Amino acid sequence: MGKAKAQEEGEKMKACVNCKYIIKNPSNVDELKCPVCGSTTFTGNFGGLVIILKAESEVANYLGITMPGIYALYLK
Ligand SMILES: [Zn+2]
């Protein structure tokens, strides 16, 4: 079992390269559009996840996040 195979079998997630918003299991990767910033550039290479439940929270404020969702902490 290689690492690549494990990734294929896992949950597919794409991170917006602009605001790091995460889209889980996108149905069509080629037509992805970020609902937060409108960017169409995504990457599967990211590290860390932060789940924002409320845009008014301190964490969201600290990270500059204005919309609830799952975000990557950093891009590789
Ligand atoms: Zn975005």
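Caption draft 1: Molecular detail of the nonpolar core. Core analysis: the largest hydrophobic core is formed by eight residues, namely Ala 15, Cys 16, Tyr 21, Cys 34, Phe 42, Phe 46, Tyr 71 and Ala 72. Secondary-structure elements contributing two or more residues to this core are strand 1 (13-16) and strand 5 (69-75). Setting aside chain neighbours within four positions, we find Phe 42 in contact with Lys 14, Ala 15, Cys 16, Val 17 and Leu 32.

Caption draft 2: Inspection of the sheet that holds strand 1 at higher detail. Taken in spatial order, the three strands of this open sheet run 2-1-3, and their pairing is antiparallel. With partners counted over all chains shown, the strands left at the sheet margins are strand 2 (22-24) and strand 3 (42-43), one partner each.

Caption draft 3: The environment of Thr 66, seen in detail. Of note, Thr 66 is situated in the loop between helix 2 (58-63) and strand 5. Along the primary structure Thr 66 and Ile 52 are separated by 14 residues, whereas in three dimensions their C-alpha atoms are 9.3 Å apart.

Caption draft 4: Broad picture of unusual backbone geometry. Phi at Lys 20 takes a positive value of approximately 70°, unusual for a residue other than glycine. Position of Lys 20 among the secondary structure elements: in the loop between strand 1 and strand 2. The phi torsion at Asn 25 lies on the positive side, around 45°, for a residue other than glycine. By the element assignment, Asn 25 lies in the loop between strand 2 and strand 3. Overall, Asn 25 belongs to the exposed group, with 8 C-beta atoms counted inside 10 Å.

Definitions and cut-offs
Per chain, residue numbering runs from 1 following the sequence as it is written. At least 70 in pLDDT is required for a residue's local features to be given in this predicted model, at least 80 for side-chain atom pairs to be given and counted, and no such filter applies to totals for whole chains, interfaces and linings, which use all residues. Any nonpolar core is a set of buried residues, restricted to Ala, Val, Leu, Ile, Met, Phe, Trp, Tyr and Cys, that join up through C-beta atoms within 7 Å. Buried residues are those with 20 or more other C-beta atoms within 10 Å of their own C-beta, exposed residues have 12 or fewer, and partly exposed residues lie in between; C-beta atoms are placed from the backbone. Secondary structure follows DSSP: runs of H or I at least 4 residues long count as helices, runs of E at least 2 residues long count as strands, and numbering of each begins at the N terminus. By definition, residue pairs are in contact when their C-beta atoms, positioned from the backbone, come within 7 Å. When DSSP finds at least two bridges between two strands, those strands are taken to pair.

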